[in-house]
Amino acid sequence: MDGLERLADDICSAATAVAFTGAGISAPSGVPTFRGDDGVWDKFDEGQFTYGRFRSDPEGFWEDRVDLQREMFDEAYEPNAAHEALAAMGRGGDLEAILTQNTDGLHGDALESVLAGSATEETNEPTILELHGTSRRVRCTDCGKRTAADPIFERAADGERPPTCDCGGVYKPDVVLFGEQLPEAVVQRARSLARESDVFLAIGSSLVVEPAASLPRLAASSGSTVGIVNLESTPVDSDADVVLREDVTEVLPRIRDLVET
Ligand code: APR
């Protein structure tokens, strides 16, 4: 049995299988990754996107954030075969949760279309936990109102910097910025899913930032079968049971096919 077959086999017998994803899963959809060749942090200074800068220089922060958002999300982008495979395994009850660092909303889109395509069948709905929030919304820092990001980014691009809510509060992208705490409840949920999991797949992430680095290790130390699917090596490879250095769009549909047969 090769590594891929072992993962599929373990997913079939698992009570709880969990997927954790990073920018690499959305790269085949045209969303750039952060690190590596053509990574966003080669073109932009990540030090300009901190919570501290948002507070002290909201105008400059928004100016740069408009450029970053254009770089990442200007193209029309759609879920790819890897998002679809995870969504299908979730619908089939083989995957309990998808934890993601991505803020692009593509797991939600894939699940929506997979669920829409199976209205008459009995379906499960996996938990999707967006650890770093979502780029599709902004949130008022005063009244807490959340609203669609696109029109607010357009206002910022047209010169309203920082863009403000009806209440006068400053809008902030509804994502976790550098220097900002991840919501405690979300981190706790992710950690308990990693601990509970019988299989934990880390997909398309360099696994260098927290909590990405510690979740697969936590799963491994709790006895989970840990699989890593990534084009490059990661610092967590030595803790994993299976490492597949292949494209996510090759590996995940094959795992799904084995799990579904
Ligand atoms: N198939 C498999 N792996 C891929 C593919 C692909 N088609 N394309 C890219 N990769 C891999 C790259 O080799 C790289 O190791 O995906 C990984 C993406 O790593 P990062 O760009 O570091 O993304 P991620 O781990 O999600 O970053 C974590 O860092 O800056 C922050 O907040 C940002 O959420 C982000 C966090």
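Residues numbered from 1 in each chain as written. Predicted model: local features only at pLDDT ≥ 70, side-chain atom pairs only at ≥ 80, totals over all residues. Heavy atoms only, no water.

For the rest of this paragraph, the subject is the site of the ligand. Around the ligand, a shell composed of 22 residues is seen, among which F34, R35, W41, S205 and S206 lie nearest. F34 is positioned with one of its backbone polar atoms (N or O) 2.8 Å from an oxygen atom of the ligand. Between the ligand and G204 there is a distance of 3.4 Å, counted from an oxygen atom to a backbone nitrogen or oxygen. Calculation on the ligand without its partners gives an accessible area of 740 Å², and the protein chains cover 93% of this total. Partitioned by chemical class, the residues of the shell around the ligand number nine nonpolar, nine polar and four charged. Residue assignment places the shell around the ligand across two domains, with domain 1 (1-31 + 79-132 + 183-261) and domain 2 (32-76 + 138-175) each supplying three or more. (Near = heavy atom within 4 Å. Polar contact = N/O pair within 3.5 Å; in protein donor to acceptor, adjacent residues only side chain to side chain. Areas by Shrake-Rupley, 256 points an atom, 1.4 Å probe, with all protein chains shown as cover. Nonpolar A, V, L, I, M, F, W, Y, C, P; charged D, E, K, R; others polar. Domains from an automatic or database assignment.)

Following the criterion strictly, the structure yields 10 aromatic pairs and no others. Centroid distance Y51 to F54: 6.2 Å. Interplanar angle 20°. Geometry classified as stacked. Taken together, the residues span about one helical turn, with Y51 and F54 both in helix α3 (residues 51-56) at a distance of three residues. We classify F54 as buried; its relative accessible area is 4%. The interplanar angle of 55° and the centroid separation of 4.9 Å between the aromatic rings of W62 and F153 together place this pair among those described as tilted. With W62 in helix α4 (residues 58-73) and F153 in helix α7 (residues 149-157), the pair connects residues that are 91 residues apart, well separated along the chain. (Phe/Tyr/Trp six-rings, centres within 6.5 Å; stacked < 30°, edge-to-face > 60°. Helix = DSSP H or I, 4+ residues; strand = E, 2+ residues; numbered from the N terminus. Buried < 20%, exposed > 50% of the residue type's maximum accessible area, 1.4 Å probe, protein only.)

This part takes up the domain arrangement of the protein chain. Interfaces are frequently sized by the accessible area removed from exposure as the parts join. When the domains of the protein chain are assigned, the result is domain 1 (1-31 + 79-132 + 183-261) and domain 2 (32-76 + 138-175). For domain 1 and domain 2, the distance between their C-alpha centroids amounts to 28 Å. Residue-level contacts link 11 residues of domain 1 with eight residues of domain 2. Around 720 Å² of area is buried between domain 1 and domain 2 when both sides are counted, 66% of it from carbon and sulfur atoms. (Contact = heavy atoms within 4.5 Å. Buried area = accessible area lost by both parts, 1.4 Å probe.)

This part covers the side chain of H83. On the secondary structure map, H83 appears in helix α5 (residues 81-91). Residue classification places H83 among the buried residues on the basis of a relative accessible area of 1%. A distance of 3.3 Å separates the side chain of H83 from the side chain of S26, its partner in a polar contact. At 3.1 Å, the side chain of H83 forms a polar contact with the backbone nitrogen of N80.

With that out of the way, let us pick up the pattern of salt bridges. Side chains that carry opposite charge are capable of pairing whenever their charged atoms lie near each other. On inspection of all chains with the given rule, the structure shows 14 salt bridges. Across the pair D174 and R137 runs a salt bridge whose closest N-O atoms are separated by 3.0 Å. Here D174, found in strand β6 (residues 171-175), pairs with R137, found in strand β4 (residues 133-140); they are 37 residues apart in sequence, far enough to count as distant. R146 is the partner of D174 in a salt bridge, and the nearest nitrogen-oxygen pair spans 2.6 Å. (Salt bridge = Lys/Arg side-chain N within 4 Å of Asp/Glu carboxyl O.)

A word on the sheet that holds β6. Pairing within the open sheet is antiparallel, and its three strands lie in the order β5-β4-β6. Either end of the sheet is taken by a strand with one partner, and the two such strands are β5 (146-148) and β6. Averaged over all pairs of adjacent strands, the angle between their axes in this sheet comes to 45°, without regard to strand direction. Bridging between β4 and β5 involves three bridges; their strand directions are antiparallel. Directly across from V138, in β5, lies its bridge partner T147. Against the sheet, α4 makes contact with β4 and β6, and its axis sits at roughly 40° relative to β6, the strand it touches most. (Pairing = 2+ DSSP bridges. Axes fitted to C-alpha atoms, helices over the stretch in contact; angles between N-to-C directions.)

Here the focus is the environment of N230. Here N230 is to be found in the loop between β8 (225-229) and β9 (242-244). Exposure remark for N230: the relative accessible area of 11% places this residue in the buried category. Distance in space between the C-alpha atoms of N230 and L207 is 9.8 Å, their sequence separation being 23 residues. Among the polar contacts made by the side chain of N230, one reaches the main-chain amide nitrogen of S205 at a distance of 3.1 Å. In terms of polar contacts, N230 uses its side chain to reach the backbone carbonyl oxygen of E232, at 3.0 Å.

Turning next to the packing of α5 against helix α10 (residues 248-260). Helix-helix packing: each pair is described by the crossing angle between the helix axes and the interaxial distance. The interhelical angle for the contact between α5 and α10, taken along N-to-C directions, is 25°, at an axis separation of 7 Å. Relative to α10, α5 is oriented roughly parallel. Handedness of the α5/α10 crossing: left-handed. Together, A81, A82, A85, L86, A88, M89 and R91 of α5 and V248, T249, L252, P253, I255, R256, V259 and E260 of α10 make up the contact between the two elements. A breakdown of the residues in the contact of α5 with α10 according to their chemical character gives 11 nonpolar, one polar and three charged. (Parallel < 35°, antiparallel > 145°, perpendicular 65-115°, else oblique. Left-handed = near helix turned anticlockwise from the far one by under 90°.)

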